[in-house]
Amino acid sequence: MGKLMVLTLFGAGLALIGERLVALRQRTNASREVEPVEPQSCHLIEGLENGSEDIDILPSGLAFISSGLKYPGMPSFAPDEPGQIFLMDLNEQNPRAQALNISDGFDKASFNPHGISTFIDEDHTVYLYVVNHPHMKSTVEKFKFEEQQRSLVHLKTIKHELLKSLNDIVVLGPEQFYATRDHYFTNFFLVLLEIIMDLHWTYVVFYSPTEVKVVAEGFSSANGITVSLDKKYIYAADVAAQNIHVLKKHENWDLTQVKVIHLGILVDNLTEDPDTGDIWAGCHPNGMKLLIYNPEDPPGSEVLRIQNVLSEKPKISTEYANNGSVLQGSSVASVYHGKLLIGTVFHKALYCLL
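Calculation notes
Note that residues are indexed from 1 along each chain, following the sequence as it is written. A pLDDT threshold of at least 70 governs which residues receive local features in this predicted model, and a stricter bar of 80 or more applies before side-chain atom pairs are shown or counted, although totals over entire chains, interfaces and linings include all residues. Values shown for side chains rest on all heavy atoms present in the structure; no hydrogens or waters enter the calculation. UniProt positions are given in the numbering used here, feature names are shortened, and annotations may be inferred rather than shown by experiment. Here a helix means four or more residues in a row that DSSP labels H or I, a strand means two or more in a row labelled E, and each is numbered from the N terminus. Throughout, a residue-residue contact means that at least one pair of heavy atoms, one from each residue, lies within 4.5 Å. Throughout, exposure labels follow a simple rule: accessible area from a 1.4 Å probe, protein chains only, divided by the maximum for the residue type, with under 20% read as buried, over 50% as exposed, and the rest as partly exposed. A 3.5 Å cut-off defines polar contacts: any pair of N or O atoms within that distance qualifies, except that in protein one atom must be a possible hydrogen donor and the other a possible acceptor, and neighbouring residues in sequence count only when both atoms are side-chain atoms. Cysteine sulfur pairs qualify as disulfides if the two atoms are within 2.5 Å. The pairing criterion is simple: DSSP has to find at least two bridges between the two strands. Throughout this description, the term salt bridge denotes a Lys or Arg side-chain nitrogen within 4 Å of a carboxyl oxygen of Asp or Glu. Aromatic contacts are taken between Phe, Tyr and Trp rings whose centres are within 6.5 Å, Trp giving its six-membered ring; a plane angle under 30 degrees counts as stacked, one over 60 as edge-to-face, and the others as tilted. Working rule: Lys NZ or Arg CZ, within 6 Å of ring centre, within 35 degrees of ring normal, means a charge sits over the ring. For the purpose of charge, His is not counted, nor are the chain termini; Lys and Arg are scored as positive and Asp and Glu as negative.

For the protein chain, the name recorded in an unreviewed UniProt entry is Paraoxonase, with Ursus maritimus as its organism. Under Function (unreviewed entry), UniProt gives the following word-for-word description of the protein chain: "Capable of hydrolyzing lactones and a number of aromatic carboxylic acid esters." According to its UniProt record, the protein chain has this under Subunit (unreviewed entry): "Homotrimer."

Next up, the structure:
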């Protein structure tokens, strides 16, 4: 009887694992192929060879780009090199990427930048906040941008018990920001179990020097986050659930869900068109190719544009799609007055004229 019980439990366990693996293939669009959509005027950006995971563009047209992310389970073409922040001036006729110098006193050797967000103070000082993973931990680094010197001055490292497994960040005030947690566990094998079991344990957290709290939860894997032009709504991507959560922001920084926009694709970082308020999303058309990297059959890239976000039927269009022959693993798309930058988790970056 005991042996029969063991065999029964073993069989049930195998059946559960099999069902979860089949579901994982469906959630990652493992069988999906890319139908190409490419603007006429695009070229790769020289100097960005090891990722351009997130991009934030100032109203002046200066674009900050995080590069060199080392992320568990993802490939890295420069595993022994520290991450960097690059700058591009999109007002130039032929903009180029320039690595920014970082002030002494900051541990540049372990710099592992992920999501980024800028904040312009009342005196027009520009601050750059960076999700950092030194030694695979999570911190938020606050820098002051020195435009004339093209450099970053490190001001502060922010840590908190709720700021674990961070992915992206959107800053709305002096040291006031929302950030996303993309995995509940920090152990790699437990993360794999979390992915396979599709546990919805991740969240959006609000941080200020006086209060830190979870303000939205129940995400499978909370990822990109941004704010509407009028600062009334927060948009948060759930990459594993293939959707965007539209959340209303309250005076006490709490968030309430307004609706969920289903995209049918693994959506990564989100940005807003400063002219129209449209959301631009860097997406992964086939997540399995991202998780199991094969240079002979690389992960593709796709960029979606979501118009009329708050309406009953937002318009969703594909603005760029490539099978990986040009761009692998797109993570972000950001626009500035008819110019489009597309970044990737670990690959190159693309500059397009729309």
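So that's the structure; there's more coming.
Novice: Describe the UniProt feature "binding site: Ca(2+) 1" (unreviewed entry) in the protein chain, and please don't skip the residues or the numbers.
Specialist: As recorded in UniProt, the sites labelled "binding site: Ca(2+) 1" (unreviewed entry) are Glu 53, Ile 116, Asn 167, Asp 168, Asn 223, Asp 268 and Asn 269. These annotated residues cover 217 residues of sequence, and their C-alpha atoms lie no more than 13.3 Å from one another, placing them together at a single site. Looking at the element boundaries, Glu 53 is found in the loop between β1 (41–44) and β2 (54–57). Not counting chain neighbours up to four residues away, the residues in contact with Glu 53 comprise Ser 66, Leu 69, His 114, Gly 115, Asp 268, Asn 269, Ser 331, Val 332, Thr 344 and Val 345. Residue position: Asn 269 is located in strand β19 (residues 266–272). Judged by its relative accessible area of 0%, Asn 269 is buried. Once you skip the residues sitting within four places of it in the chain, Asn 269 turns out to touch Glu 53, Asp 54, Asn 167, Asp 168, Asn 223, Gly 224, Trp 280, Ala 281, Gly 282, Ser 331 and Val 332. Engagement of the side chain of Asn 269 in a polar contact is seen with the backbone oxygen of Glu 53, the distance being 2.8 Å.

Novice: Mind laying out the UniProt feature "glycosylation site" (unreviewed entry) in the protein chain, listing which residues take part and the relevant values?
Specialist: Sites flagged by UniProt as "glycosylation site" (unreviewed entry) map to Asn 269 and Asn 323. Relative to the assigned elements, Asn 323 resides in the loop between β22 (315–322) and β23 (330–336). Given the relative accessible area of 44%, Asn 323 is considered partly exposed. Once you skip the residues sitting within four places of it in the chain, Asn 323 turns out to touch Val 34, Pro 298, Pro 299 and Gly 300. A polar contact of 3.0 Å, which involves the side chain of Asn 323, links it to the side chain of Ser 325.

Novice: Which residues make up the state of the cysteines, and what are the values?
Specialist: A complete count under the given rule lists 1 disulfide for this structure. The residue that forms a disulfide with Cys 42 is Cys 352, at a sulfur-sulfur distance of 2.0 Å. Measuring handedness by torsion sign, the sulfur bridge of Cys 42 and Cys 352 sits at about 110° and is right-handed. With Cys 42 in strand β1 and Cys 352 in strand β25 (residues 350–353), this residue pair connects regions lying 310 residues apart in the sequence. The thiol of Cys 283 is not disulfide-bonded; the next cysteine sulfur, from Cys 352, is found 15 Å away. For Cys 283, a relative accessible area of 0% translates into the label buried.

Novice: Summarise the sheet that holds strand β6 (residues 101–102); cite the residues concerned and give the values.
Specialist: Taken together, the 5 strands give an open sheet; going across it, the order is β6-β10-β9-β8-β7, and neighbouring strands pair in mixed fashion. Each having just a single partner strand, β6 and β7 (113–120) make up the two edges of the open sheet. Pairing analysis gives 7 bridges linking strand β9 (residues 139–146) to strand β10 (residues 151–158), with the strands arranged antiparallel. In the strand pairing of β10, Glu 146 is matched with Ser 151.

Novice: Before we move on, could you go through the pattern of salt bridges and cite the residues and values that matter?
Specialist: Going through the model one piece at a time under the given rule, you end up with 12 salt bridges. The closest approach of N and O atoms between Glu 146 and Lys 144, which form a salt bridge, is 3.8 Å. With a relative accessible area of 29%, Lys 144 lands in the partly exposed category. Across the pair Glu 211 and Lys 213 runs a salt bridge whose closest N-O atoms are separated by 3.5 Å. Several salt bridges share partner residues, and in doing so they unite Glu 33, Lys 289 and Asp 297 into one network.

Novice: Give a description of the packing of aromatic side chains that names residues and reports values.
Specialist: Evaluation of the coordinates by the stated rule reveals 16 aromatic pairs. An angle of 15° between the planes, with centres 5.0 Å apart, marks the rings of Phe 177 and Tyr 207 as stacked. Placement of Phe 177 in strand β12 (residues 176–181) and of Tyr 207 in strand β13 (residues 202–207) is noted, with a sequence separation of 30 residues between them. Its relative accessible area of 9% is what places Tyr 207 among the buried residues. An aromatic cluster of three or more residues is present, and its members are Phe 77, Tyr 293 and Phe 346. Sitting over the face of the ring of Tyr 184, Arg 181 holds its NZ or CZ atom 5.3 Å from the ring centroid. Here the basic side chain of Lys 249 rests over the ring of Trp 253, its NZ or CZ set 5.1 Å away from the ring centre.

Novice: Please give an account of the side chain of Asp 89 that cites residues and values.
Specialist: Along the chain, Asp 89 turns up in strand β4 (residues 84–89). Buried charge Asp 89 goes without a salt bridge, the closest partner of opposite sign being Arg 150 at 4.5 Å. There is a polar contact of 3.0 Å between the side chain of Asp 89 and the side chain of Asn 91. Every residue in contact with Asp 89, bar those within four places of it in the chain, is listed here: Gly 61, Leu 62, Pro 95 and Arg 150.

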